[in-house]
Protein chains: 4
Amino acid sequence: MHFASDNWSGAHPRIAENLTHHASGFAPAYGTSDLDKAVEDRFSAIFEREVAVFFVATGTAANSLALASVAKAGGVSFCHADAHVNADEGGAPEFLTGATRLFGVEGDEGRINPKALEAAISRFEPASPHHGRAMAVTVTQATEVGTVYSLEELDAIATVAKARNLPLHMDGARFANALVALDVSPAEMTWKRGIDMLSFGGTKNGCWCAEAIVFFDPDMAADMPFIRKRSAQLFSKSRFISAQLEAYLDGDLWLDLARHSNAMADRLRAGLSQKSTTRLAWETTANEVFAVIETSSADRAREKGARFHPWQPPQGWLPLPEQNQTLIRLVTSFATTEEEVDQFIEVV
Amino acid sequence: MHFASDNWSGAHPRIAENLTHHASGFAPAYGTSDLDKAVEDRFSAIFEREVAVFFVATGTAANSLALASVAKAGGVSFCHADAHVNADEGGAPEFLTGATRLFGVEGDEGRINPKALEAAISRFEPASPHHGRAMAVTVTQATEVGTVYSLEELDAIATVAKARNLPLHMDGARFANALVALDVSPAEMTWKRGIDMLSFGGTKNGCWCAEAIVFFDPDMAADMPFIRKRSAQLFSKSRFISAQLEAYLDGDLWLDLARHSNAMADRLRAGLSQKSTTRLAWETTANEVFAVIETSSADRAREKGARFHPWQPPQGWLPLPEQNQTLIRLVTSFATTEEEVDQFIEVV
Amino acid sequence: MHFASDNWSGAHPRIAENLTHHASGFAPAYGTSDLDKAVEDRFSAIFEREVAVFFVATGTAANSLALASVAKAGGVSFCHADAHVNADEGGAPEFLTGATRLFGVEGDEGRINPKALEAAISRFEPASPHHGRAMAVTVTQATEVGTVYSLEELDAIATVAKARNLPLHMDGARFANALVALDVSPAEMTWKRGIDMLSFGGTKNGCWCAEAIVFFDPDMAADMPFIRKRSAQLFSKSRFISAQLEAYLDGDLWLDLARHSNAMADRLRAGLSQKSTTRLAWETTANEVFAVIETSSADRAREKGARFHPWQPPQGWLPLPEQNQTLIRLVTSFATTEEEVDQFIEVV
Amino acid sequence: MHFASDNWSGAHPRIAENLTHHASGFAPAYGTSDLDKAVEDRFSAIFEREVAVFFVATGTAANSLALASVAKAGGVSFCHADAHVNADEGGAPEFLTGATRLFGVEGDEGRINPKALEAAISRFEPASPHHGRAMAVTVTQATEVGTVYSLEELDAIATVAKARNLPLHMDGARFANALVALDVSPAEMTWKRGIDMLSFGGTKNGCWCAEAIVFFDPDMAADMPFIRKRSAQLFSKSRFISAQLEAYLDGDLWLDLARHSNAMADRLRAGLSQKSTTRLAWETTANEVFAVIETSSADRAREKGARFHPWQPPQGWLPLPEQNQTLIRLVTSFATTEEEVDQFIEVV
């Protein structure tokens, strides 16, 4: 019963196999092999336009270097206050952008509130050396708390950003989960909404290590080869990423894995909703479930082998857990089984 | 006939297999799983003392973050003028250490000359805000040009560094190749020589992506978890590195692969020495061979499928190639075959 | 009627004179002259213990480099949400500390609330590479909004910081104004309260350009010469700072100027309190006055030559100005005259 | 007999007086006062085109921030190997540009050799993430060793830079001394030669603290207000710089001071040339003189109160001082008197 995080899972067999398949033979290093190029082309096909793709080691690197590509002195990037980039990346976005700043914007259930975004940006308008200047907006899709921006919600964010000529970045550590939750195309959820740069995450959804920065306007990526190398994020045997992504994208495996993962979360949601002793903390649609359960149930589940993390109640969220209750986070992945879910629902 | 670089090879079958072996199941993320810990223990066993180990994405990251762990304002690190860290890492060592500086020291055949090192350091003595202060010494073993420091040569460098209380770093991108060339133990080539920090490279020698920073005094690594995360180098599915290293170190596979690689280089050296139209540029002992060959031979070899790079003659190196000659670099790897070598010798 | 800012004033005649007095002759550069040393000794005398003093160009530099002296990877410094360091220094604290972060803490009237501080720090406890680690606490004395921490309030902050072994910094851009408002000694307001590092500001209180970082434990300043030079903040003709400070500190001129400045603010406060159409926004004790006045009065005053800035109502502050009212900030300085004050009160 | 450095002198009386003159009254802060603007206009007049001017605290700041304005990831700036920016600025250029690199180019007598520059740049061509990319060229005028580039020599450097579209920076810490040595106009020595950015130094030539970055194309300076503030180099009471520069530039005082300074160096040169026991190390034309003198003479001069520094013989410079000889540097300034010079010549 593993619900601690989707990065506790390993790699999908087809991805592992393809890596082995490409283990022999020689190929040019540093992202210049035929396989690397084929995978890049695949990205262009998937996004229905020519894109520039840069592999990096971690989601943190993808987010940080995407912002680094638009960094400027005195720059401020706007994200949700609880976004991963702000809360859990150890200062990497600041460090790797040359000490620009992040500004946390409020919004319910992990989504930036467009009005709050507007108010936040206006604090830096007009640009001034004293308070700095707006530099970028970054949204997380799916969000840190399992919710997903609708296309209309993305449009509302984009409208605010574009009115100020601000580049718009999407942290897609769980991109596939959001995509299948909305049942839209990659293009519809990104550049058609005004997204300029995407952190495309494959690691959480069945890869070993496959993160890419996608630029929808390749001209915006002119400095990226230098920015990436300067940050020690250029792999020599780049094909070990490409091989993963080749299998990941082939035959829409990535979407199938995300559908499975979301379905397991649905099953969790359904099961937990039916119990009198648990309640869903808020409605989620991707592969994370947040539930208020009795602390004794949580303890019992852990004893029986369930793995999950408690979660800090978000600011302003109500009603708070009662004294004998706990807010917990449950994350499903491509590797989660129905049996695990059912067993968990039974023990809590 | 692939002699372009050892990073053109893929992964050794046993490493690829072990990665697949560990693909299923759940394990704690961010380097806290049992497998991660077992591999760390293995490092301690191999180095015959308790060490602290940090996986990172690239050799550039290993070098840069090792130096970051001893960084200080106005700091200057001393390396060979042609060292990878100085010539080929895109400014990452400077960037990831918070803008410290590198100072290139001369020395024949890629090895730092201890007297030149002493003279270089003395330019920064006593420490001053104006010219800065010495911060670290870094040696490359094996060097960029295929040579290997003897233990005595390492001692001479360490004597200079230790007299000034400077931490000593070893860039071991080709650590195994040097080790088997010298036929000494890992301990003898590192901390017994005074090495404080090692960039332990597995990628070039049969792994997909396996680079680690090893601290021989774990107390020196207290800040490393923060330094690594800040640089976006903390893998979530850390076991994909551990699985590679488990196989790599198991049964001394790593040493066997390096022995094979060096033997292939020996075979190249022997073959090229016997030809009247080629000469070895300088004596190498690891898995790189530098040769002066007729340009027409080089062209012919390329036509027949040989892959290799020309090499810029080092400063002061004599005699220079004649007009119709070229200096080339040939790199062997775990995947090089005797047939490839023999074929190459035949065609040049 | 100049109430825009205390940095709109020039230099006090005795300071200007002393600068001229020291204009001739030769003296060692970079802070090593007899005059420089005498001024440093004077600081030790004033603070009743041996201190280390570093002149820098701006208050922003003083704050930033004080924090740089305790910077570490993943570090977070806690300040009031509206503190100058957070709101008005263009990202310099982040940039000059190598991309550490600031965390804004709430608190009424510009003072950090100790409980809020504790809660804020606890978000980073225990230290983790993901969320980072606490690095320093910085208080502004007098605050950005004209208030002053009492000794007890400073003790409460220090208790929180010291319990976590966090260095405590004081931004003393208006240090003298706070000092005379509390009528305590420099020692009592700083190291006796647990302050480790002080940004000692002279510029706003009658100097041209005289900012110093004072370390109450000189051992903490070991890296400062390098940190300062690396940030291009080491003056060659350092005596031009020393000469200002010599006059500034001589015969307690600095305290007299601050007393005058505060007295002018008192006069403003008294005058504005008596008017039926204006009210003080909150109680201040240093040389800033915040008042809610009728917008038409503000306009009229400006027409008659009064210079002052509108002020953004702080979050949560009540009652807000009504529709035809404005919140304004009035700053007095050593150069403010009673006539100016009285004239202003008359015209609003 | 003060020949240690031109920054051992104080301020010229007219400059000190003007500072006092502007000490009273109120003026907008942060460089927006009428005086600030008048001085900026004066710069445009002097350089015969509209320029953008940014005051900073030190020459190191001017050099570092000028380079920061053209900084890019993986960037390398080319300077003379012994240039101040490379040898004596404590890593500030690297730090304040976000960790770009400097590359020292050889050249006789402190001047970059254009062929060596071309060779140095070509090491970074074509641009590559591995070795980085050329970012700027910076020349020092007058050089660190008292020599001055002729207009033709500047043209030769500019030709190399412009052919590669590289911005060209001039470190003019001793700008005035070079100008009067060449007897040309400011325009002729700068933008008419292709200089894009100038560090205009007033401090060494009679100001207290007056350094400015001049952009000959104001569009290139768009980010400078943010870059400067981020580096804590924006003065609040900016008029204390403007007041100095007003007097400095008024009636060509700056040129007169530099002429005096150079004339004193001429007198030194003439006097030392005539002595049998001393020789000029190399020919200089600005306000620095380098001489080989008997060590006993140097000691005797010091005993009699002469202040000067020994100098490290430049690489490759011949003939080296004999065993009983020393290479010394003598720097004159606006405050040097004929009597000092004559006395010095007598005692050595």
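That block above? That's the structure.
Keep in mind that what you see is a predicted model, and the values were worked out from it rather than measured.

### Description of the relation of the copies chain D and chain B
Mapping chain D onto chain B calls for a screw motion: a turn of 180 degrees about the axis and a shift of 0.0 Å along it, with 0.0 Å RMSD after fitting. This pairing of chains is accounted for by a two-fold axis. Among all residues of chain D, the one whose C-alpha sits closest to the rotation axis is D:Ala99, at a distance of 2.2 Å. Mapped onto chain B, 100% of the interface residues of chain D are again interface residues, and the two copies thus contact each other with one and the same surface.

### So, the environment of B:Arg42
All names here are of chain B. Looking at where Arg42 falls in the secondary structure, it is placed in helix H2 (residues 34–47). For Arg42, a relative accessible area of 30% puts it in the partly exposed group. Separated by 160 residues in sequence, Arg42 and Gly202 place their C-alpha atoms 14 Å apart. For Arg42, the contacting residues outside a window of four places in its chain are Leu249, Asp250, Gly251 and Asp252. Within the structure, Arg42 has its side chain in polar contact with the backbone oxygen of Leu249 (distance 3.0 Å).

### What to know about the side chain of C:Ser69
All names here are of chain C. With respect to the helices and strands, the residue Ser69 is situated in the loop between helix H3 (59–68) and strand S2 (75–80). Among the polar contacts listed, one links the side chain of Ser69 to the backbone oxygen of Ala66, at a separation of 2.6 Å. Each residue touching Ser69, except ones within four places of it in the same chain, is listed here: Met197, Phe215, Met224 and Ile227.

### Notes on the interface of chain A and chain B
Contacts between chain A and chain B engage 51 residues on the former and 50 residues on the latter. When the area that chain A buries against chain B is broken down by residue, the three leading residues are A:Phe26, A:Trp208 and A:Lys237, summing to 22%. The tally of links between chain A and chain B comes to zero salt bridges. Viewed at the interface, chain B and chain A are joined by 21 residue pairs in polar contact (both at pLDDT 80 or more). Among the secondary structure elements, those contributing two or more residues to the side of chain A that touches chain B are helix H1 (13–21), helix H3 (59–68), helix H5 (92–96), helix H10 (224–230) and helix H11 (239–249) of chain A. Tallied by class, residues from the side of chain A that touches chain B come to 24 nonpolar, 18 polar and nine charged.

### Here we look at the packing of aromatic side chains
All chains considered together, the criterion is met by 88 aromatic pairs over all chains. For the pair A:Phe43 and A:Phe47, a centre-to-centre distance of 6.4 Å together with 10 degrees between the ring planes defines the contact as stacked. Highlighted residues: A:Phe43 and A:Phe47, both in helix H2 (residues 34–47), separated by four residues, approximately one helical turn. You'll find A:Phe43 and A:Phe47 in the same group, each marked buried. Both rings, one in C:Tyr248 and one in C:Trp254, keep their centres 6.1 Å apart while their planes meet at 50 degrees; by these two values the pair is tilted. For C:Tyr248, a relative accessible area of 0% gives the class buried. Three or more aromatic residues joined by ring pairs make a cluster, and in this case those are A:Phe43, A:Phe47, A:Phe175, A:Phe200, A:Phe216, A:Tyr248 and A:Trp254. The residue whose ring lies beneath B:Arg133 is C:Phe226, and the NZ or CZ to ring-centre distance is 3.8 Å.

### Description of the side chain of C:Glu211
Residues and elements named next belong to chain C. In this fold, Glu211 is placed in strand S7 (residues 211–215). No salt bridge is formed by the buried Glu211; the nearest opposite charge belongs to Lys204, separated by 7.4 Å. Of note is the side chain of Glu211, whose polar atom sits 2.6 Å from the side chain of Thr203. Leaving out residues up to four positions away in the same chain, Glu211 has contacts with Phe54, Phe55, Val56, Ala57, Thr58, Gly59, Phe200, Gly201, Gly202 and Thr203.

### Regarding the relation of the copies chain A and chain B
Structural alignment of chain A on chain B gives an RMSD of 0.0 Å, achieved by rotating through 180 degrees and translating 0.0 Å along the axis. When the interface residues of chain A are mapped onto chain B, 98% of them again fall at the interface, so both copies present the same face.

### Regarding the sheet that holds strand S10 (residues 309–310) of chain C
Residues and elements named next belong to chain C. Strand order in the open sheet formed by four strands is S8-S9-S11-S10, with antiparallel pairing between adjacent strands. Only two strands of the sheet have a single neighbouring strand rather than two, namely strand S8 (279–280) and S10. Docked against the sheet, helix H12 (residues 253–274) engages S8, strand S9 (288–294) and strand S11 (325–331), running at close to 25 degrees with respect to S9.

### A short note on the interface of chain D and chain B
Listed as interface residues are 16 residues of chain D and, on the opposing side, 16 residues of chain B. Of the roughly 1200 Å² buried where chain D meets chain B, counting both sides, 41% is carbon and sulfur surface. If you look at where chain D meets chain B, you find two salt bridges. Between B:Glu94 and D:Arg101 there is a salt bridge, with the nearest N and O atoms lying 2.7 Å from each other. In this assembly, chain D and chain B are joined by eight residue pairs in polar contact (both at pLDDT 80 or more).

### Here's the deal with the pattern of salt bridges
Close approach of charged atoms allows side chains of opposite charge to pair. Scanning all chains against the criterion turns up 60 salt bridges over all chains. Close ionic contact of B:Asp256 with B:Arg259 constitutes a salt bridge, the shortest N to O distance being 3.0 Å. With a gap of three residues between them, B:Asp256 and B:Arg259 both fall in helix H12 (residues 253–274), about one helical turn apart. Given the relative accessible area of 39%, B:Asp256 is considered partly exposed. Members of the salt-bridge network, linked through shared partners, are A:Asp6, A:Arg174, A:Glu288 and A:Arg329.

### Overview of the environment of A:Gly98
Inspection of the secondary structure puts A:Gly98 in the loop between H5 and strand S3 (101–105). Placed 33 residues apart in sequence, A:Gly98 and A:Leu65 show a C-alpha to C-alpha distance of 10 Å. Not counting residues up to four positions away in its chain, the partners in contact with A:Gly98 are C:Phe95 and D:Arg230.

### Digging into the pairing of strand S11 (residues 325–331) of chain B
Residue and element names in this part refer to chain B. When you tally the buried positions in S11, you get six out of seven residues, the bulk of the element. By the bridge criterion, two bridges tie strand S10 (residues 309–310) to S11 in an arrangement that is antiparallel. Across the sheet, His309 pairs through a bridge with Arg329, a residue of S11.

### Here we look at the sheet that holds strand S5 (residues 168–172) of chain B
Residue and element names in this part refer to chain B. With mixed pairing, the seven strands of this open sheet are ordered in space as S1-S7-S6-S5-S4-S2-S3. The open sheet has two edge strands with one neighbour each: strand S1 (52–56) and strand S3 (101–105). If you compare each strand with its neighbour and ignore which way they point, the axes differ by 25 degrees on average. Two strands pair when backbone bridges link them, and strand S2 (residues 75–80) and S3 are joined in this way by five bridges, in the parallel orientation. When the sheet's bridge partners are listed, Cys79 is paired in S3 with Gly104.

### Some remarks on helix H8 (residues 175–182) of chain A
Residues and elements named next belong to chain A. Of all eight residues making up H8, six are buried, and the element is well covered by its neighbours. Listed in full, the buried residues belonging to H8 are Phe175, Ala176, Asn177, Ala178, Leu179 and Val180. Contacts from the buried residues of H8 go to H2, strand S5 (168–172), helix H9 (186–189), strand S6 (197–201), H11 and helix H12 (253–274).

The rules we used
Residues numbered from 1 in each chain as written. Chains lettered and ligands numbered in written order. Predicted model: local features only at pLDDT ≥ 70, side-chain atom pairs only at ≥ 80, totals over all residues. Heavy atoms only, no water. Least-squares fit on C-alpha atoms with pLDDT ≥ 70 in both. Contact = heavy atoms within 4.5 Å. Helix = DSSP H or I, 4+ residues; strand = E, 2+ residues; numbered from the N terminus. Buried < 20%, exposed > 50% of the residue type's maximum accessible area, 1.4 Å probe, protein only. Polar contact = N/O pair within 3.5 Å; in protein donor to acceptor, adjacent residues only side chain to side chain. Buried area = accessible area lost by both parts, 1.4 Å probe. Salt bridge = Lys/Arg side-chain N within 4 Å of Asp/Glu carboxyl O. Nonpolar A, V, L, I, M, F, W, Y, C, P; charged D, E, K, R; others polar. Phe/Tyr/Trp six-rings, centres within 6.5 Å; stacked < 30°, edge-to-face > 60°. Lys NZ or Arg CZ within 6 Å of the ring centre and 35° of its normal. Lys, Arg positive; Asp, Glu negative; His and termini not counted. Pairing = 2+ DSSP bridges. Axes fitted to C-alpha atoms, helices over the stretch in contact; angles between N-to-C directions.

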